[in-house]
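A structural walkthrough
For reference, the chains in residue letters:
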Amino acid sequence: QVQLVESGGGLVQAGGSLRLSCVASGRTFNFYGTGWFRQAPGKEREFVAAISTSGGSTIYANSVKGRFTISRDNARNTMYLQMNSLKPEDTAVYSCAATSTYFSFSASSSDYRYWGQGTQVTVSS
């Protein structure tokens, strides 16, 4: 069982930066691939970024590639999302997630079993 809690969201002007954190409970955090997803009002949830258990492999949505960086610190049971050059279209609730199976990660939300409650990111123009 893994419980996830996000923090770091807020209001920022276009071009600004934010860093989201996702703290996990449980002793097996380093066995799970983890990812970030977001959902804007009236839209479906979409994939943002994912990272392997070791942190050695990452995947990104094309819309954030080159602007966002996902990372994790297994010693702290924490995953991060550094968001730079933010745009108004990045406005959404951002949620972190951990996969259903050990040692896997993907861009598909159906592969994730554990979810945080989400943190709001608002980018003003």
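What you are looking at is a predicted structure, and each value in this text was computed from that prediction instead of being measured.

A closer look at the overall build of the chain
Looking only at helices and strands, the chain has 0 helices and 11 strands in total. Computed over C-alpha atoms, the radius of gyration of the chain comes to 13 Å, within 12% of the 14 Å expected from 2.2 N^0.38 for 125 residues, which places it in the range of a compact globule. Taken along the three principal axes of its C-alpha coordinates, the chain extends 40 × 25 × 25 Å. Evaluated residue by residue, the chain yields a buried proportion of 44% over its 125 residues. Taking all contacts inside the chain whose residues are at least 6 apart in sequence as the whole, residues at least 24 apart take part in 60%.

Details of the pattern of salt bridges
Scanning all chains against the criterion turns up 4 salt bridges. We note a salt bridge from aspartate 90 to arginine 38, for which the minimum N-O separation is 2.9 Å. Taken together, the positions of aspartate 90 in the loop between strand E8 (78-83) and strand E9 (92-102) and arginine 38 in strand E4 (residues 32-39) put the pair 52 residues apart, joining distant regions of the chain. Neither aspartate 90 nor arginine 38 differs from the other in exposure class; each is buried. For arginine 67, the salt bridge identified is with aspartate 90, shortest N-O distance 2.8 Å. Taken as a pair, arginine 67 in the loop between strand E6 (58-60) and strand E7 (68-73) and aspartate 90 in the loop between E8 and E9 lie far apart in primary sequence, 23 residues in all. What makes arginine 67 buried here is its relative accessible area of 11%. Residue aspartate 90 is classed as buried on the basis of its relative accessible area of 1%.

So, the sheet that holds strand E3 (residues 18-24)
As summarised here, the arrangement of the 4 strands in space is E1-E3-E8-E7, forming an open sheet in which the pairing is antiparallel. Each of the sheet's edge strands pairs with one partner strand only, and the pair in question is strand E1 (4-7) and E7. In this sheet, neighbouring strand axes are inclined to one another by 15 degrees on average, regardless of whether the strands run parallel or antiparallel. Where E1 and E3 come together, 4 bridges link them in antiparallel fashion. Bridge pairing in E3 places leucine 4 opposite alanine 24.

A word on the nonpolar core
Of all hydrophobic cores here, the largest spans 34 residues; its most connected members are Trp36, Leu81, Met83 and Tyr94. Of all the secondary structure elements, the ones that give two or more residues to this core are E3, E4, strand E5 (46-51), E7, E8, E9, strand E10 (112-115) and strand E11 (119-124). In this view, methionine 83 contacts Gly16, Ser17, Leu18, Leu20, Arg67, Phe68, Tyr94 and Val121; residues no more than four positions away in its chain are not counted.

A few points about the side chain of threonine 99
Positionally, threonine 99 belongs in strand E9. At 3.3 Å, the side chain of threonine 99 and the backbone oxygen of serine 104 are in polar contact. If sequence neighbours within four positions are ignored, threonine 99 has contacts with Tyr32, Gly33, Ser104, Phe105, Asp111, Tyr112, Arg113 and Tyr114.

Thoughts on the packing of aromatic side chains
Taken as a whole, this structure holds 9 aromatic pairs when the rule is applied. Summarising the aromatic geometry, the rings of tyrosine 32 and tyrosine 114 are spaced 5.7 Å apart at their centres and angled 85 degrees between planes, so their arrangement reads as edge-to-face. Here the residue tyrosine 32 occupies a position in strand E4, and tyrosine 114 occupies one in strand E10, the gap between them amounting to 82 residues. This pair shows no difference in class: tyrosine 32 is buried, exactly as tyrosine 114 is. Site record: aromatic cluster; members linked through ring pairs are Phe31, Tyr32, Tyr102, Phe103 and Tyr114. Above the plane of the ring of tryptophan 115 lies arginine 45, whose end atom (NZ or CZ) is 3.9 Å from the centre.

Each value, and the rule that gives it
- Residues numbered from 1 in each chain as written.
- Predicted model: local features only at pLDDT ≥ 70, side-chain atom pairs only at ≥ 80, totals over all residues.
- Heavy atoms only, no water.
- Helix = DSSP H or I, 4+ residues; strand = E, 2+ residues; numbered from the N terminus.
- Rg over C-alpha atoms; globule rule 2.2 N^0.38 Å.
- Buried < 20%, exposed > 50% of the residue type's maximum accessible area, 1.4 Å probe, protein only.
- Contact = heavy atoms within 4.5 Å.
- Salt bridge = Lys/Arg side-chain N within 4 Å of Asp/Glu carboxyl O.
- Pairing = 2+ DSSP bridges.
- Axes fitted to C-alpha atoms, helices over the stretch in contact; angles between N-to-C directions.
- Core = buried A, V, L, I, M, F, W, Y, C linked by side-chain atoms within 4.5 Å.
- Polar contact = N/O pair within 3.5 Å; in protein donor to acceptor, adjacent residues only side chain to side chain.
- Phe/Tyr/Trp six-rings, centres within 6.5 Å; stacked < 30°, edge-to-face > 60°.
- Lys NZ or Arg CZ within 6 Å of the ring centre and 35° of its normal.

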